[in-house]
Every structure is written in C-alpha cells, then in structure tokens.
Amino acid sequence: MKKTINDKKQNVSTSSRSTGEDLLEKPSEELLKSLKTSAEGLSQSEAEKRLTEYGPNAIEEKKESILLKFLSYFWGPIPWMIEIAAVLSAVVSHWTDFIIIMVLLAFNAVVGFWQEHQAANAIEALKKQLAVRARVKRDGKWAEVDATTLVPGDIIRLRLGDIIPADVKLLEGEYLSVDQSALTGESLPVDKKPGDAAYSGSVAKQGEMVALTVETGANTYFGKTAKLVSTAKTPSHFQKAVLNIGNYLIRLSLALVVILFIVQVIRGDQVLHILEFALILMVASIPVAMPAVLSITMAIGAVALSKMKAIVSRLESIEEMAGVDVLCSDKTGTLTQNKLELGEPVVFGKTTVEELIVAGALASKEENRDPIDLAVLAGIQSSWGIGNYNQMRFSPFDPVHKRTEADVKGPDGQSFKVTKGAPQVVLDMCSGNNDLVSSVEARVEDLARKGYRTLGVARSDDSTGWNFLGLLPLFDPPREDSADTIKRAREHGIAVKMVTGDNVAIAREISGQLGLGTHIEAADRFFKDKTSSGDMSADSEKGVEAAEGFAQVFPEHKFEIVKAIQHRGHIVGMTGDGVNDAPALKQADVGIAVSGATDAARAAADLVLTAPGLSVIVRAVESARRIFERMNSYAIYRITETIRIMLFMVLAMLVFNFYPITALMIILLAILNDLPILTIAYDNTWLDTQPVRWDMRRVLTTATVLGTIGVFETFGLLYLAKVVFGVGVAQLQSLIFLKLVVAGHLTLFVARSKKPFFSKPFPAPILLGAILFTQALAASIVGFGIFVTAIPWSWVGYIWAYCLVWIFIEDWAKMRVYNRLDIRKKEHAAPAVSPAL
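Because the structure is a prediction, the values reported are computed rather than measured.

Novice: Give me the overall build of the protein: which residues, what numbers.
Specialist: Assigned secondary structure in the protein consists of 28 helices and 23 strands. In the protein, which comprises 837 residues, the share counted as buried stands at 54%. Look at the contacts in the protein between residues 6 or more apart in sequence, and 74% of them connect residues 24 or more apart. Just so you have it, the protein exposes about 36,600 Å², and 57% of that area is on carbon and sulfur atoms.

Here is the structure:
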C-alpha cells in the first residue's frame, strides 16, 4: 500500500538522478564526510561559495522570447481581420486607409504586449513575496533563510507544515510523517525515521527532524521545488462572463455586417469596398482591448492588495473575494493579539508551582518559536536550575494529538517523561478518580469564563502511567482593532464567525468581548447527524449557518463547516495557518492563510496575509469590490459602445444609403475609444456596502438602454445636420465622427457609477486626463482637417453642447433602470425571508 519513491527509482535512467539517488542511499556519516559538512552545519562563507558553485535551489524557468511574444499579437482572429482590411485597402489603392489600419494593428499589439508585460511583472513580484523559507544551521546558529539559497551540505530543520525544500537525508529526531502524494500519488503519509531520504516538494504532516541537504535545484529527484503561486489556466466566473459578452458582441456585429453587405451589394456598391468597410467596422466593434483591460486591472489590484499586507496567489480569486458574505476567522492571532501570557498556575495533589512550570517548560522547545512554548518558558525563574535537565527526545504539538511530549534526564540521572496539552487530552492519559476529573474540569471552566485557555501538564516516572500535575492558564487578549473591524465587516454585509480550538466557555467570553455574539456551538455537535452520502443533514447545515462561532474545532471540522455554509448559498472566506487546514482553505471560495502560516497552508490559500489581524482581510475585501466595480463598469461601457456604433452605422446606411463615417474614421474611433479605457484600472470607484456578484441581467439591461439611447442621439444629430441644415456628406461624416468620440467618453462617466455621474467618487486624474487628451485630439482632427474634412470650430462647440444635454438623459435613464431592477430584486427576495409566504 505504502509504495514510496524508493520503489520507483529503478525506472529512472538519467545519470544526474542516479547520482543523486546514490548519494541519498549512503549512510548519514558517509554523506556528511562526502559533502564536507557536520551536524553544526556550514559556515556562511562556505554556503555562499557553494551557492556560486551549485546555483540557486530553484529550477530555471524557460523564458519566452520577448520578440516572439510581441509578434504573437499579430496572430489571431482579430489581427487577421485587421490585416485583411489592410490588404484590401492596398488592393484598391486607399493608401491613407492602409497606413492608419497598420497603425491600428501596431497600436493593438503594443498596448496588449505592454499591459500583459506589466501584469506579468506584478505577478512575478508577488511570487517573490510568497517564496518558501527554510530553517538552516550556519556558523553553529539556527536562522531562517530563503529556500532558494540552500546548498548541499546545509543542515536544516523540518517540522509540521513545512514544504521540504530540497532532497534531504534525515539525521535526527523521533519521526517525520511526510505527505508525498504530489510526487508519487500515494494517498497516505509515509513515516520517515533517521537515515531515510525525503524529497523536495513533499509536505511534513507530523513530527520534527533535523536533515542534511543533499541535492538542490535541478538535481533534486523530480527536478523542481514547490511553487506557492498557482498559475491557474481556468478563467474565473467573471472572466468567463466577460468573454461571453465578447462572443455575443462578435455575433451581433457579424449579423449586422452580413445584413449591410447583402443590402449594399444589391445596391450595386463595389464588393471590395464593402468588404474593406465591413471588416473595419467589425474590428471597431469587437472589444479588442478586453484581455488587456482584464489582466492589468487584476494585476494592479493584486499589487495594491500586497501593499495592504495581503498577497493574492490567484488573480482570479479577487472576484470571489468581492462576493464573500461569510468569513470564518481563526481566533488566535487574527481576532486576538497572539501574545500569550502565563497566568497563575493551578496545582493538584502535592505538586508545587515550581514543579508544575518546570514540567511544562521541559515539554517545550525554545528554538521552535511556538507562542505557547515561549509563554511557558517565560515563566521559568533562573534559580530553578532548568539548565541541569537534558531533553533527550521531543515530540511537537500536532492538531490530532493536541499535546507535546518529551523524554528528559534529570540532574540526578533519572529519566522521566513530561507532557503538556489540551487538559481533556492530558487528563485522559492520567490515572485518577472522578473527583480529580470533576475538579480539573471545574477549574478549566472557571478559567475559561475569564478568557483563559489552559494547558494540562503531566509527568510519568515510569512506563506504567501518568500523574496529573496541574493547569497552566494562558491569556491571549483581543486585538485592539478587532471589535471595530468586525463592526465594519458587518456594515459591508459580511457575517464573521469565530473558529477556535478552545472550549466553548473561552470562545463565548472572547466572542462577547469582540461583539460577535455568544451563540457559540461546539463543532462536533453538527457532525453526529449525517446523510447517507456523508454530508451534514439539512438541519445541521441550518445550525452551522445560524451559529456565530464554533469552538473545540478540529481541522477536519473546518472543511465540513465551509461546505455546509456554501450549501446554504453563501460565498465563504476561511482563515487557516496549519498543514491540516489546507483542505478547508481549498474548499473555501477564498482560502486565507494568516500571518505566520505554514508553507502548506500558504500553498493552499488564495490570499496570504503578511500582517496579523482581521482588518487586513476586510481591507482586502473592500479593494476586491472596487476592482470588481471597475471591471463591471468596463463591461457596461463596452456593450453600450458596440450597440451604439454598430446599430447606428447599419441603420444609417440602410435608411440614407451613404456611409455616415468613413473606414478611416472608424479606425481612428477605435483607437481613441481604447486609449482612456486602459486607465480604468486606476479609477476611483464606488464601494458597494454589500457583497457583489456578477449580475448579467443588470449589465445587459443597462448597456442595452444606454446603447439604444445613443442610437437615437446620433440619429437625431444626423437628421438635423443632413435634412434640416443640409450639411454636405464630407463635413457630415466629420461631424458624426466627433459626436461618436465625445458621446462615447461621456458614456464612460455614466457607466462608471451606480449613482448620478456627477456624484462622488469623481474620476481618477489619470482617467480624466486620458479622456481630455483624446477629446482634444479628436477636436483637433476635425477642426484642422487631419485625415478628414475640416469643420468650423463653432460646430465642435455645438457638438459638445449637444452631447452634454444627452449625458443627463442617459444618466436619468440609467438611474431608472437601476431603481427598477432593485425593486424587482427585492420582490423576488421577499418570499425567501417571509415564513408566511
């Protein structure tokens, strides 16, 4: 059943791997000699020398040629259409059109390449912040370093939750349980002992050991180290929705172009001329900038989040973050300060306070930097002579056994064992009567009501049994900002549920102090009634949804709690820090690895916090909602423009039998429209007070109304200019071109806000500047007659005045649509909240 990598080695034939395997099969003493190192590790100078010799402990990624990447933007359906249009322009000798079309082609390529390059650089910077760290012994001292700097011969410490950073030989320690399913596919962890090999990319599930680094980088067994930042290939729900919009716009444009082509052929127009115009019209209507806008908006948002101490490991998770309405938060370090202080010890029997604290300290390990261990060790007085004891073996805490244990040799040479951990766990190990059990439970409950968590401490002087010594109370005060942050989260429509391994009394006390409420349930009560499929019953899921927090939580409970809340229709965020939290973090819509989380938890999370506290998460959600709103605004604007331009162009040609703007003007219009939209990633946006989800009905309805109004608006100007004032065709085309540019950018102001367009937040200076620049450019083109027939400057002013009147009409219509949709939404939601219905 437990078939390990060693069983598979025989199939490996490459010389580099065989050499690495031969080394790992050597005895530890021989390996230390061959690698010219010792149990004290390398010196810093020797490590630096070997880093130069062996290279970094990483696999060199194959970089795509920048030139080939740039040239790829000239290949694909949209570039093909532009290129065909250019060829047709050359065939019919429309050289001005040809030049401008080539400018459009180059413009799209440069913009797409530059935006993607910026996004890639941002993601690379985020990856560096998520780099795996390793504890290494150099110059005889333990230190934490970037895992990429490890070299053969380094002595490292592996413990619960670590991703093993290189191929290593285990030297000392009791045992190490390793999950190597990512390497071998085996489902069960494999127990390792001193003398065994462990491989890069596997995860330490239990135990702790010291190991010798044997192979690094490309020379490791599988040739690569663990990567924390995922590069998910599957687009998010939002990206799919926007891409579907793009496909919809392409189909709509194609249908209108086909109608136009048939009618113009019947009217006797030249086929090549119609085809060139149709292709250019298609290009102008298709959201060419969409991929660039999506990628840069996400990437810039991720960089902004990283400055808030929240690093996104999947860009697509930003969308899910914007919709989170339930946040299951760890207590320790997130809601509390994670600064444990030792209270007044409680002794039982003939035990003294000194004996109790010494036993607890001997069941701790200072170099592990565990907060509980450090709090207990801080209670030691120098006169107690703890340095005279020798810790022979130490088993660290793990979430399953919930205790630590150590074999100790005392000053008198006698050996004994000590353990500390959850009182109920330690008490179950000890021999005692019902009075002792009742007394301990009463004191634990009493301390819990005061907000103390307690450790039970026991000692065994022989192999027959354990003697319960007493309780060590620890207090972790709430963070000063937690109560206000929870209040702000609720104002944003997020229900915060506390998740803790402490007992119910402690959880209720802390929850009450934080204003979370006192409806705290013991997690295991929801798992007693399961369906035949192994899921919670419907009543249990309702109970989980109603609870304000959960106590006595084991890692497996977190996974089920997330599933139950998701089944109730919520988007769930879950925090975690341990290796056993990984399944829950993956199951959650947004898995959040808190500050100080293990490598395994960070690898499973969508969001990695580098600062403690709930406020980081709430700020990240606020930022995600703003990012979502920017993308939502872009979607509405892009659909509106396609409907406005395509429908007007086709109808105008069908009704008046002339081209309202030339092919050259369409190209210029496409360029001028895309320039400002590329700055939307930096825009100031409205922060929704409730979780936001993709609402296709709202987007399509709003865009259709605005687009239809735009068609009437442009037809009105066309009718006035052509029929009433008798403007000639050439100047009329310039007039309509300027109107489409001006009205398009003004529509962006309407689409970017759910309030009246003149309300706060006002457009960001970079967006406003881009729009003013393109407007000035468009006015100059028609005013000075650049590429087009010039029109009087007074007409430019009239067009601006005309469009400004219509922006108020569009904004009024938008607000009417939003109000009507909100009323319908409330009407549909009413039965769900009214028991009488």
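Novice: Which residues make up the sheet that holds strand β9 (residues 310-312), and what values go with them?
Specialist: One open sheet holds the eight strands; their spatial order is β9-β23-β22-β21-β10-β18-β20-β19, and the pairing between them is mixed. The open sheet is flanked by β9 and β19 (520-522), the only strands paired with a single partner. Each strand axis lies, on average, 20 degrees off the axis of its neighbour in the sheet, ignoring direction. Strand direction decides the pairing type here: strand β21 (residues 572-576) and strand β22 (residues 590-593), joined by four bridges, are parallel. Residue Met574 lies in a different strand from β22, and its bridge partner there is Gly591. Relative to β19, helix α18 (residues 504-514) is tilted by about 160 degrees, and along the sheet it contacts β18 (495-499), β19 and β20 (549-551).

Novice: Describe the packing of helix α23 (residues 614-656) against helix α25 (residues 696-724), and please don't skip the residues or the numbers.
Specialist: Relative placement of two packed helices is described by the angle separating their axes and the distance separating the axes. α25 packs onto α23 with a crossing angle of 35 degrees between their chain directions and a minimal axis gap of 8 Å. Handedness of the α23/α25 crossing: right-handed.

Novice: Can you explain the nonpolar core? Please cite residues and give values.
Specialist: With 92 residues, the main nonpolar core has Phe277, Leu281, Ile661 and Phe737 as its most contacted residues. The greatest single-element share of this core, amounting to 14 residues, is contributed by helix α26 (residues 729-751). Setting aside residues up to four positions removed in sequence, Leu281 forms contacts with Val257, Leu260, Ile645, Met646, Met649 and Ile666. With 45 residues, the next largest nonpolar core counts Ala448, Ile510, Leu514 and Leu614 among its residues.

Novice: Which residues make up the pairing of β21, and what values do they have?
Specialist: Summarising burial for β21: five of the five residues are buried, a large majority. Of the two faces of β21, the one holding Val572, Met574 and Gly576 and the one holding Gly573 and Thr575 are both buried throughout. Pairing between strand β10 (residues 326-330) and β21: three bridges, direction parallel. Looking at β21, one finds that Val326 is bridged to Val572.

Novice: Describe helix α20 (residues 555-567), naming the residues involved and giving the relevant values.
Specialist: Structural remark: α-helix, 3.6 residues per turn; residues separated by three or four positions point the same way. Compared with the 18 Å implied by 1.5 Å per residue over 13 residues, the 19 Å span of α20 between its first and last C-alpha is a close match. Summarising burial for α20: 10 of the 13 residues are buried, a large majority. All of the buried residues in α20 are Pro555, His557, Lys558, Glu560, Ile561, Val562, Lys563, Ala564, Ile565 and Gln566. On its buried side, α20 packs onto β10, β18, α19 (538-546), β20, β21 and α21 (582-587).

Novice: Which residues make up the pattern of salt bridges, and what values go with them?
Specialist: Two side chains of opposite charge can pair, provided their charged atoms sit close to one another. What the rule picks out here adds up to 30 salt bridges. Arg568 serves as the salt-bridge partner of Glu545, at 2.8 Å between the closest nitrogen and oxygen. In this pair, Glu545 sits in helix α19 while Arg568 sits in the loop between α20 and β21, placing the two residues 23 residues apart along the sequence. Where Arg698 meets Asp695, a salt bridge forms, and the shortest distance between an N and an O atom there is 3.9 Å. Residue classification places Asp695 among the partly exposed residues on the basis of a relative accessible area of 30%. Sharing partners across several salt bridges, the network here consists of Glu641, Arg644, Glu713, Lys739 and Glu810.

Novice: An account of helix α13 (residues 353-362) is requested, with residue identities and associated values reported.
Specialist: The buried count for α13 comes to seven of 10 residues, which makes it a mostly enclosed element. Of the residues making up α13, those classed as buried are Leu356, Ile357, Val358, Ala359, Gly360, Ala361 and Leu362.

Novice: Which residues make up the packing of aromatic side chains, and what values go with them?
Specialist: Throughout the structure, instances matching the rule amount to 11 aromatic pairs. Here the aromatic rings of Tyr452 and Phe475 are separated by 5.5 Å at their centres, their planes lie at 50 degrees, and the arrangement is tilted. A residue pair is termed long-range when its members are at least 10 positions apart, and Tyr452 in strand β16 (residues 452-460) and Phe475 in strand β17 (residues 467-475) qualify at 23 residues. We classify Tyr452 as partly exposed; its relative accessible area is 26%. Seen from their ring centres, Tyr802 and Trp806 are 6.3 Å apart, and the 50 degrees between their planes marks the pair as tilted. Of this pair, Tyr802 and Trp806 both sit in helix α28 (residues 793-833), four residues apart, which is roughly one turn of the helix. Considered together, Tyr802 and Trp806 belong to a single accessibility category, that of buried residues. Sitting over the face of the ring of Phe416, Arg459 holds its NZ or CZ atom 3.7 Å from the ring centroid.

Here is what the cut-offs are and how they apply
- Residues numbered from 1 in each chain as written.
- Predicted model: local features only at pLDDT ≥ 70, side-chain atom pairs only at ≥ 80, totals over all residues.
- Heavy atoms only, no water.
- Helix = DSSP H or I, 4+ residues; strand = E, 2+ residues; numbered from the N terminus.
- Buried < 20%, exposed > 50% of the residue type's maximum accessible area, 1.4 Å probe, protein only.
- Contact = heavy atoms within 4.5 Å.
- Areas by Shrake-Rupley, 256 points an atom, 1.4 Å probe, with all protein chains shown as cover.
- Pairing = 2+ DSSP bridges.
- Axes fitted to C-alpha atoms, helices over the stretch in contact; angles between N-to-C directions.
- Left-handed = near helix turned anticlockwise from the far one by under 90°.
- Core = buried A, V, L, I, M, F, W, Y, C linked by side-chain atoms within 4.5 Å.
- Expected span 1.5 Å × (residues − 1).
- Salt bridge = Lys/Arg side-chain N within 4 Å of Asp/Glu carboxyl O.
- Phe/Tyr/Trp six-rings, centres within 6.5 Å; stacked < 30°, edge-to-face > 60°.
- Lys NZ or Arg CZ within 6 Å of the ring centre and 35° of its normal.

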